[in-house]
Every structure is written in structure tokens, then in C-alpha cells.
Amino acid sequence: MRPTVTVNCAMTADGKIAGRSRRQLRISSPEDLQRVKELRTSSDAILVGVGTVLADDPHLTVKGLPPERNPLRVVLDPCGRTPDDAKVLDDRARTLIVTSEGCQRTWAKGEVLRAGTDRIDLEQVLSSLYERGVRSLMVEGGGETIFSFFESGLVDRYMVFVGSMIVGGRGSPTPADGDGFPDGGAVRLRLLGFERLGDGVLLTYEVGHGPS
Ligand SMILES: NC(=O)c1ccc[n+]([C@@H]2O[C@H](COP(=O)([O-])OP(=O)(O)OC[C@H]3O[C@@H](n4cnc5c(N)ncnc54)[C@H](OP(=O)(O)O)[C@@H]3O)[C@@H](O)[C@H]2O)c1
């Protein structure tokens, strides 16, 4: 058994989730930020890759919620690169850092889960989260992490806010980076809805499992 997985991100109108410096970019409209807050509140856990922790240093919490009501924060960090003073390790919520089995690093705060030898075994992570009571997981990024969830066929819903700006840059991250699928391979989506949220559009897709 595994939690329901929703991938949520914000991209520019030219398909980037950050600019070429990879620093955090405010793409969401105020209306979209409110929607993300509600989605976080209704999720049992929020997951990001260590690249996002290093680039953005996010709290990954819902302002106003006490620690016990905030979703569990999960960081995919195979080699243990999360800094000790990362905001994701503060007292505002519980945190689970997922490393590979070969990584010896521990942190003063935050629990560690070792899953997979080379790559992190995402199915193992999800069943472990399910055992901890997580029924809904929100994957917030970045591009490497989102691609690895799609590649593993573990995404149920994909929500992307398209903000009205262009940032360009061939190296700027996109919602799904990684190695990409082989020629002709793609994950098929079914458009469930679209909604104007301020000066941008939210697209919601259901995901057909596995590349085709
Ligand atoms: N606009 C948005 O909605 C949004 C949201 C979040 C982030 N971002 C942006 O995204 C960028 C960061 O994205 P990113 O792609 O560089 O980083 P990322 O996806 O946050 O993290 C990537 C790293 O996480 C680890 N990882 C992810 N999946 C793994 C797996 N299946 N197995 C093992 N390790 C795994 C790897 O760590 P190792 O390298 O240590 O192996 C990988 O390099 C930043 O610019 C940030 O601002 C944008």
C-alpha cells in the first residue's frame, strides 16, 4: 500500500520552475499561494529533493499551524547533503530525511530513513510513509525529484500553475528534468481541469501509470 501522490509545482509560461541561477523564483499568484497552502494543509506529508533544500531553504510548513498539525516534511537526500541549519529541520514540523543505505550521516534534528542502495527506492519510501499513517503525499519538487516520481510510475495527480512570465535559460530547471524518457516514451496525462488564479492558470491532470 502507498499514499496518493500529488505533484504540485509552479512554472513560468516558458516552462521553467526557476531561473538559470536556480534560486527560488516567485511564480505563483497570491491566489495560487492560497491554493498551495490549502493543499499543504490537506496533505499528510510534503516531499522535496535535497536540491530544493540547498537552492531555496524552504520551511515546507503551513503558517499558523502548530507543529503537530503540520504535514510531515520529507527530504530525498541520498548522500546526506542537507545542512544542519536547514529550515526544513526547524521545530515547526516533524522531518524525515531519506538517504541511501550507504550514507552514514545523521542529524541532531529529524529522523532518518535509509532506503535503496544506489538510487533511493521510492516504492520503499512510499510504503514506509504509508506505515507511518501517511495517506496523501504532496511532491513539491524540484525537477529531478518530480521526474524520478514520474519515471517510477508513482504519480496520481499532477497540478501545475502556469505563471505569466518568461525567464528563459537552457539550463533553467523544468517541472520534470532527470534523464527524460527514451524517444517515443512519455507519461500520458488526462486533463481534469483548468482554472484562472489571478494572473495565471492552474492545470490539473490525472496520471496514467508508467511511461508509454
Ligand atoms: N517552482 C516550483 O514549484 C519549484 C518547487 C521546488 C523547487 N523548485 C526549484 O527547483 C530547483 C531544484 O530542483 P533540482 O532538480 O535541482 O533538485 P531536487 O529535485 O529538489 O533535488 C534533486 C536531488 O534530490 C535527490 N533525489 C531526487 N530524487 C531522487 C531519487 N529518486 N533517488 C535518489 N536521489 C534523489 C538527488 O540528490 P543527490 O544529488 O545528492 O544525489 C538529486 O540530485 C531549484 O531551482 C528550486 O528553486 C521550484
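Here's what I pulled together on the structure shown here. (Residues numbered from 1 in each chain as written. Predicted model: local features only at pLDDT ≥ 70, side-chain atom pairs only at ≥ 80, totals over all residues. Heavy atoms only, no water.)

The subject of this paragraph is the sheet that holds strand β4 (residues 95-99). Pairing is mixed in the open sheet, where nine strands are placed in the order β5-β4-β3-β2-β6-β1-β7-β9-β8. Strand pairing shows two members of the sheet lacking a second neighbour, β5 (111-114) and β8 (189-196), which therefore form its edges. Taking each pair of neighbouring strands and ignoring which way they run, the sheet shows an average axis angle of 20°. With four bridges joining them, strand β2 (residues 45-49) and strand β6 (residues 136-141) adopt parallel strand pairing. Residue pairing in the sheet places Ala 45 in a bridge with Leu 137 of β6. In the packing of helix α4 (residues 143-151) onto the sheet, contacts are made with β1 (4-12), β2, β3 (72-76), β6, β7 (157-163), β8 and β9 (200-207), and the angle to β6 comes to roughly 135°. (Pairing = 2+ DSSP bridges. Helix = DSSP H or I, 4+ residues; strand = E, 2+ residues; numbered from the N terminus. Axes fitted to C-alpha atoms, helices over the stretch in contact; angles between N-to-C directions. Contact = heavy atoms within 4.5 Å.)

This part covers the packing of aromatic side chains. Tallied over the entire structure, the rule returns three aromatic pairs. Plain terms: the ring middles of Phe 150 and Tyr 158 are 5.6 Å apart, the flat faces sit at 80° to each other, and that makes the pair edge-to-face. Across this residue pair, the class does not change: Phe 150 and Tyr 158 are buried. Judged by centre distance (5.9 Å) and plane angle (20°), the ring pair of Tyr 158 and Tyr 205 falls under stacked. Here Tyr 158 is found in strand β7, whereas its partner Tyr 205 is found in strand β9, with 47 residues between them in sequence. Across the pair, Tyr 205 and Tyr 158 agree in class, each one buried. An aromatic cluster is defined as three or more aromatic residues linked by ring pairs; in this entry it consists of Phe 150, Tyr 158 and Tyr 205. Cation over ring: Arg 135 sits above Tyr 130, and NZ or CZ is 3.6 Å from the ring centre. (Phe/Tyr/Trp six-rings, centres within 6.5 Å; stacked < 30°, edge-to-face > 60°. Buried < 20%, exposed > 50% of the residue type's maximum accessible area, 1.4 Å probe, protein only. Lys NZ or Arg CZ within 6 Å of the ring centre and 35° of its normal.)

Attention now moves to the site of the ligand. Near the ligand, the surroundings consist of 27 residues, among which Ala 10, Arg 22, Thr 52, Asp 56 and Thr 145 are the closest. Ala 10 has a polar backbone atom sitting 2.8 Å from a nitrogen atom of the ligand. Separating a nitrogen atom of the ligand from a side-chain N or O atom of Arg 119 is a distance of 3.3 Å. Burial of the ligand by the protein amounts to 86% of the accessible area it has alone, namely 930 Å². Only β1, α2 (50-56), β6 and α4 provide two or more residues apiece to the shell around the ligand. Per-element accounting of the shell around the ligand gives the leading share, five residues, to α2. Taken together, the residues of the shell around the ligand break down into twelve nonpolar, nine polar and six charged. (Near = heavy atom within 4 Å. Polar contact = N/O pair within 3.5 Å; in protein donor to acceptor, adjacent residues only side chain to side chain. Areas by Shrake-Rupley, 256 points an atom, 1.4 Å probe, with all protein chains shown as cover. Nonpolar A, V, L, I, M, F, W, Y, C, P; charged D, E, K, R; others polar.)

Residues Leu 191, Phe 194 and Val 201 make up a contiguous nonpolar surface patch of about 300 Å² in total accessible area. Of note, Leu 191 is situated in strand β8. (Patch = residues over 30% accessible without salt bridge, like charges linked within 9 Å, V, L, I, M, F, W, Y side chains within 5 Å. Salt bridge = Lys/Arg side-chain N within 4 Å of Asp/Glu carboxyl O.)

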